[in-house]
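Okay, here's what each chain looks like letter by letter:
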Amino acid sequence: MPQTTRASIMRKAPGRYETVEVQLDDPRQNEVTVKLAASGLCHSDDHVATGDIMVGHYPICGGHEGSGVVTAVGPNTPGFEVGDHVVFSFLPACGRCASCARGQFNLCDTGANTLVGSRADDPTSFRMTLDGEDVGQMAGISTFAEYTTAHVDSVVKIDKEIPLKQAALIGCGVPTGWGAAVNSAQVQPGDTVVIMGIGGIGINAVQGAKHAGATTIIAVDPVPFKREKAQEFGATHAFEGIEEATAYAQSITNGQGADAAIVTIGVVTGDHVAQAMAAIRKAGTVVVTGIGKMTDVGAPVSLFELTMMQKRIQGSLYGENSPRDIIPKLLRMYQSGQLKLDELITREYSLDQVAEAYDDMHAGLNIRGVVVYD
């Protein structure tokens, strides 16, 4: 029989998250039920609240960055057992589709239903209900809930010695930002890098750029607190606006500009992409990993400059990482002191405070807020 669990849902957009009791299905084959330990409060779930990201079904239970302990395993589901510690991946990886065959597990075809909220193989089948009404799951995992049921393609087992609160952050923000620098921007030792927006993604782009050997890491954010945090994580310089950052990058590169500019602003516009283009050198790279409104199209970029200066605009989903590879790898880096996770957590919240947490995010108070469960 389905169990009852508390969950933070969005009934419509624009709207605010509210906590309700939902019915949660028992796991089927290739599914597990997990008791959540922690969930990161990523900006993407706020995009759902504002309507910038349009989902396929309301109500929807939010949350796509979390960790917990397996409490039930579906029949004929090898590889998992009750008591396993896991991190969720908001991008499922089947290992069989064309993208996975190319090694691009972050682009797995199974992700096509990520914003529908249903089971990936059946858009009419949902794991949660509220008063008899289907409830969607953000990214098919819905980590804004005390318990959730998900497909094993979205679950990665981790070492039980790793604290689950910190491990939750590896589900989205850390690998997305880190990989934006390391994989998408292909930062090299000695590079100059501009990072636009120091939130949960941008701060980890700073960590990634430092890891890759950049000697000049320029953080850009209007909030003084975030500029200070960026320097604690490895930024060598911090500016309030992109114009100042661009001028500085040019001043130390004989007028050429940065090798790469990474756009991790909370709500990306075409103007932000154009500003990043102006900040880079010939044959430099602009990486766009922040999300804009789904309906927005276009950027005021000079096509002549794009061609004649051989610049590159690169999209970056999950930092171009494979979930099953990067999650344990980054956790090993954390254990060895090479990656900061504890310092990322600005404030902790209860499940009932999800809406309040996003108010704090908009006020510039958080690098990463985290919902912590009992």
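Refer to the preceding data block for the structure.
A few points on the structure. Every residue gets a number counted from 1 within its own chain, in the order that chain's sequence is written. Given that the model is predicted, a residue must reach a pLDDT of at least 70 before its local features are reported, and side-chain atom pairs must reach 80 or more before they are shown or counted; all residues, however, enter totals for whole chains, interfaces and linings. Excluded from the side-chain calculations are hydrogens and water; all other atoms, namely the structure's heavy atoms, are used.

### Observations regarding the pairing of strand β18 (residues 368-372)
Only protein chains enter the accessibility calculation, which uses a 1.4 Å probe; a residue whose area is less than 20% of its type maximum is buried, one above 50% is exposed, and one in between is partly exposed. Note on conventions: DSSP H or I runs of at least 4 residues are helices, E runs of at least 2 residues are strands, and numbering of each starts at the N terminus. Along β18, four of the five residues are buried, which leaves the element largely enclosed by surrounding structure. Here, a strand pair is defined by DSSP locating no fewer than two bridges between the strands. Bridge count for strand β3 (residues 31-40) against β18 is three bridges, and the pairing is antiparallel. In the strand pairing of β18, Gly40 is matched with Val370. Sheet topology places strand β17 (residues 345-349) next to β18; four bridges connect them, and they run parallel. Counterpart to Ile345 in the pairing with β18 is Arg368. Running through helix α11 (residues 354-362), the crossover from β17 to the neighbouring parallel element β18 is right-handed. Crossovers are marked right-handed if the path from the first strand over the helix to the second runs clockwise, as seen with the strands pointing away from the viewer.

### Some details on the pattern of salt bridges
Basic side-chain nitrogens of Lys or Arg form a salt bridge, by our definition, when they fall within 4 Å of a carboxyl oxygen of Asp or Glu. The full count for this structure, using the stated rule, is 14 salt bridges. Here Asp359 makes a salt bridge to Arg16, at a shortest N to O gap of 3.1 Å. Here Arg16 lies in the loop between β1 (3-10) and β2 (18-24) and Asp359 lies in helix α11, a separation of 343 residues in the sequence. Measuring nitrogen to oxygen at the nearest pair gives 2.6 Å for the salt bridge that ties Lys165 to Glu348. Here Lys165 is found in helix α3 (residues 164-167), whereas its partner Glu348 is found in strand β17, with 183 residues between them in sequence.

### Digging into the packing of aromatic side chains
What characterises a pair of aromatic rings is the spacing of the ring centres plus the angle enclosed by the ring planes. Under the pairing criterion, centres of Phe, Tyr and Trp rings, with the six-membered ring standing for Trp, must be within 6.5 Å; the plane angle then separates stacked pairs below 30 degrees from edge-to-face pairs above 60, leaving the rest tilted. Counted by the stated rule, this structure contains four aromatic pairs. On the numbers, 5.6 Å between centres and 85 degrees between planes, the contact of Tyr17 with Phe144 is edge-to-face. Taken together, the positions of Tyr17 in the loop between β1 and β2 and Phe144 in the loop between β8 (133-137) and β9 (147-151) put the pair 127 residues apart, joining distant regions of the chain. Residue classification places Phe144 among the buried positions, given a relative accessible area of 0%. Among the aromatic residues, those joined into a cluster by ring pairs are Tyr17, Phe144 and Tyr358. The lysine or arginine in question, Lys157, covers the ring of Phe80, its NZ or CZ lying 5.7 Å from the ring centre. Looking at Lys340, its charged tip hangs above the ring of Phe233, at a distance of 5.3 Å from the centre. Geometrically, a lysine NZ or arginine CZ counts as sitting over a ring once it is within 6 Å of the ring centre and also within 35 degrees of the ring normal.

### Re the sheet that holds strand β7 (residues 128-130)
Strand order in this closed barrel of five strands is β1-β2-β7-β8-β4, and the pairing throughout is mixed. Note that β7 and β8 share three bridges and pair antiparallel. Along β8, the bridge assignment pairs Thr129 with Asp134.

### Observations concerning unusual backbone geometry
Most peptide bonds take the trans form, and the phi angle of most residues other than glycine is negative. A cis amide bond, omega -5 degrees, links Ala13 with the succeeding residue Pro14. With respect to the helices and strands, the residue Pro14 is situated in the loop between β1 and β2. Following Tyr58, the chain continues into Pro59 via a peptide bond in cis, with omega recorded as -5 degrees. Among the structural elements, Pro59 can be located in the loop between α1 (43-50) and β4 (60-61). The residue Tyr318 is not glycine, and still its phi comes out positive at about 55 degrees. For Tyr318, the position within the fold is in the loop between β16 (312-315) and α10 (323-335).

### Describing the packing of helix α4 (residues 173-184) against α10
To obtain an axis, a line is fitted to C-alpha atoms, over the contacting stretch when the element is a helix, and the angle between two such axes runs from 0 to 180 degrees between their N-to-C directions. Running from N to C, α4 and α10 point in directions that differ by 90 degrees, and their axes come no closer than 11 Å. Taken together, the axis directions place α4 and α10 in an arrangement best described as roughly perpendicular. Within the contact between the two elements, α4 uses Val174, Pro175 and Trp178 and α10 uses Ile326, Leu330 and Met333. Orientation categories follow fixed angle ranges, with anything under 35 degrees roughly parallel, anything over 145 roughly antiparallel, 65 to 115 roughly perpendicular, and all other angles oblique. Whether two residues are in contact is decided by their heavy atoms, any of which lying within 4.5 Å being enough.

### Describing the nonpolar core
As a rule of thumb, soluble globular proteins bury nonpolar side chains together. Among the buried residues, those of types Ala, Val, Leu, Ile, Met, Phe, Trp, Tyr and Cys that are joined through side-chain atoms within 4.5 Å form a nonpolar core. Ile262 and Ile327 are the most contacted members of the largest nonpolar core, which has 91 residues in total. Per element, the largest residue contribution to this core is six residues, and it comes from α10. For Ile327, the residues in contact, after removing those within four places along its chain, are Val87, Phe88, Ser89, Val156, Ile158, Ile170 and Tyr318. Counting residues in hydrophobic clusters, the runner-up holds 20 residues, among them Met196, Ile242, Val268 and Ile280.

### A word on the state of the cysteines
Such a bond, covalent and formed between the sulfur atoms of two cysteines, is termed a disulfide. Count a disulfide wherever a pair of cysteine sulfur atoms falls within 2.5 Å. Following the criterion strictly, the structure yields zero disulfides and no others. Free cysteine Cys108: the closest other cysteine sulfur is in Cys94, separated by 3.6 Å. Look at Cys108 and you get buried, because its relative accessible area is 6%. Its sulfur unpaired, Cys172 is 3.9 Å from the next cysteine sulfur, which belongs to Cys42.

### Brief notes about α11
Taken together, the buried positions of α11 are occupied by Val354, Ala355, Ala357, Tyr358, Asp360 and Met361. Residues of α11 that are buried make contact with β1, α1, β17 and β18. Backbone geometry just after α11 places Gly364 at a positive phi near 75 degrees.

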